[in-house]
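# Chain and residue survey
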Amino acid sequence: MPTPQKLLFDETEIATPTAFKIEKEKVMSDNAGLSSRCSYVGDVKGIITTIHIEWQQLTPAEVATINSFVLDPSNLFFPVTYLNEEFEEVTQDFRADGPTYEQWGWDVHRQLCRVLALDIYHYQGVGDV
């Protein structure tokens, strides 16, 4: 299968990001930590994948497309298709807390969102593989 060249939210092509950073973190059990013998104890409950995405110079229509997924009050999760850290195409359900916007002001000739930044999150439990 050819490598996808676009970021997809559900089946909608999203504008090409200018920054895309993947972070993975283990979620440990409540009893995790160092024992009295200084050995680590606890269980891995899952993995949280956080993807930090930034776009620059988006049109109002491109911002509206992103907002339609991340700010939809009726759907907490939405499918995202992207290339993971091993450059494999992955589709997973993500949630977003909300984007941040840096906009150019009131200039009629520069009606672009200068920077839109977004963090999306996916949790995969140990037994969900």
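Scroll up for the structure.
What comes next concerns the included structure.

### As for the pattern of salt bridges
Evaluated as defined, the whole model comprises four salt bridges. Put simply, K24 and E85 hold a salt bridge, and the shortest N to O gap is 3.2 Å. Placement of the pair is K24 in strand β3 (residues 19–28) and E85 in the loop between β7 (77–83) and β8 (89–96), with a sequence separation of 61 residues. On the accessibility criterion, K24 (49% relative accessible area) is partly exposed. With a shortest N-O distance of 2.6 Å, R95 and D97 are connected by a salt bridge. Assessed through its relative accessible area of 57%, D97 is described here as exposed.

### A few points about unusual backbone geometry
Not every positive phi belongs to a glycine, and D10 is a case in point at roughly 55°. By the secondary structure assignment, D10 is in the loop between β1 (7–9) and β2 (12–14). Positioned with a positive phi, C38 is a non-glycine residue whose angle comes to about 65°. Considering the arrangement of structural elements, one finds C38 in the loop between β4 (33–34) and β5 (40–41).

### Observations concerning the nonpolar core
Counting 22 residues, the largest nonpolar core has F9, W55, I66, L118 and I120 as the members making the most contacts within it. Looking at this core, the elements with two or more residues in it are β1, β6 (44–58), α1 (60–70), β7, β8 and β10 (113–125). Residues within four places of L118 in sequence aside, it is in contact with F9, I51, H52, I53, W55, I66, V70, A96, G98 and P99.

### Quick look at the pairing of β10
With twelve bridges connecting them, β6 and β10 associate as antiparallel partners. Residue I48 lies in a different strand from β10, and its bridge partner there is Y123. Taken together, the two bridges between β8 and β10 define a ladder with antiparallel strand orientation. Opposite R95, over in β10, you have Y121 as the bridge partner. With four bridges connecting them, strand β9 (residues 100–103) and β10 associate as antiparallel partners. Bridge pairing in β10 links E102 to V115.

What counts and what doesn't
Residues numbered from 1 in each chain as written. Predicted model: local features only at pLDDT ≥ 70, side-chain atom pairs only at ≥ 80, totals over all residues. Heavy atoms only, no water. Salt bridge = Lys/Arg side-chain N within 4 Å of Asp/Glu carboxyl O. Helix = DSSP H or I, 4+ residues; strand = E, 2+ residues; numbered from the N terminus. Buried < 20%, exposed > 50% of the residue type's maximum accessible area, 1.4 Å probe, protein only. Core = buried A, V, L, I, M, F, W, Y, C linked by side-chain atoms within 4.5 Å. Contact = heavy atoms within 4.5 Å. Pairing = 2+ DSSP bridges.

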